[in-house]
Amino acid sequence: MAKRVMVVDDSRMIFLQMKNMLEGTDYEAAAYCRDGEEAVAQYAQVAPDLVTMDIIMPGMDGLEAAQAILEEHPEAKIIMVSSLAYDDTFEEAKAIGAKGFIDKPFKKERLLEVLREVSEEV
């Protein structure tokens, strides 16, 4: 059974790109959220195995959303996705509890590699 991925990104193009990349793999894009507020509201209902979370979004950004989700669901496996891969942002994401980081633009191999690494963590 495919692992369910919740994609959180203000760009629908990123969601469609991920959905296409995940087709025929062990992962499926099970839900799409346009912003942090929607991700926090939908997390329990969707119950994803993994979350890919854009950092820069209008309203609640990805770091705030990740923190809010992890406060209620400490078992959540969140992977931050951003074109702004600064060391301090990466360190902040790790401190919050994010399990991985993917730089935009990303390739299918890198996406699958990080999804695999994070999903296999105990």
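Scoring rules and cut-offs
- Residues numbered from 1 in each chain as written.
- Predicted model: local features only at pLDDT ≥ 70, side-chain atom pairs only at ≥ 80, totals over all residues.
- Heavy atoms only, no water.
- Helix = DSSP H or I, 4+ residues; strand = E, 2+ residues; numbered from the N terminus.
- Contact = heavy atoms within 4.5 Å.
- Salt bridge = Lys/Arg side-chain N within 4 Å of Asp/Glu carboxyl O.
- Buried < 20%, exposed > 50% of the residue type's maximum accessible area, 1.4 Å probe, protein only.

(A) View of the side chain of Thr89. Its place among the elements puts Thr89 in helix 4 (residues 87–96). Among residues more than four places away in sequence, those in contact with Thr89 are Ile55, Leu63 and Leu84.

(B) Region of interest: the pattern of salt bridges. If you walk through the whole model with that rule in mind, you get 3 salt bridges. Across the pair Asp9 and Lys104 runs a salt bridge whose closest N-O atoms are separated by 2.9 Å. One end of the pair, Asp9, is in the loop between strand 1 (3–8) and helix 1 (12–22); the other, Lys104, is in the loop between strand 5 (100–103) and helix 5 (108–120), and 95 residues separate them in sequence. Judged by relative accessible area, Lys104 falls into the partly exposed class, the value being 21%. Across the pair Arg110 and Glu113 runs a salt bridge whose closest N-O atoms are separated by 3.3 Å. Placement of the pair is Arg110 and Glu113 together in helix 5, with a separation of 3 residues, close to one helical turn. Residue Arg110 is classed as partly exposed on the basis of its relative accessible area of 35%. Each member of the salt-bridge network shares a partner with another, and the members are Asp9, Asp54 and Lys104.

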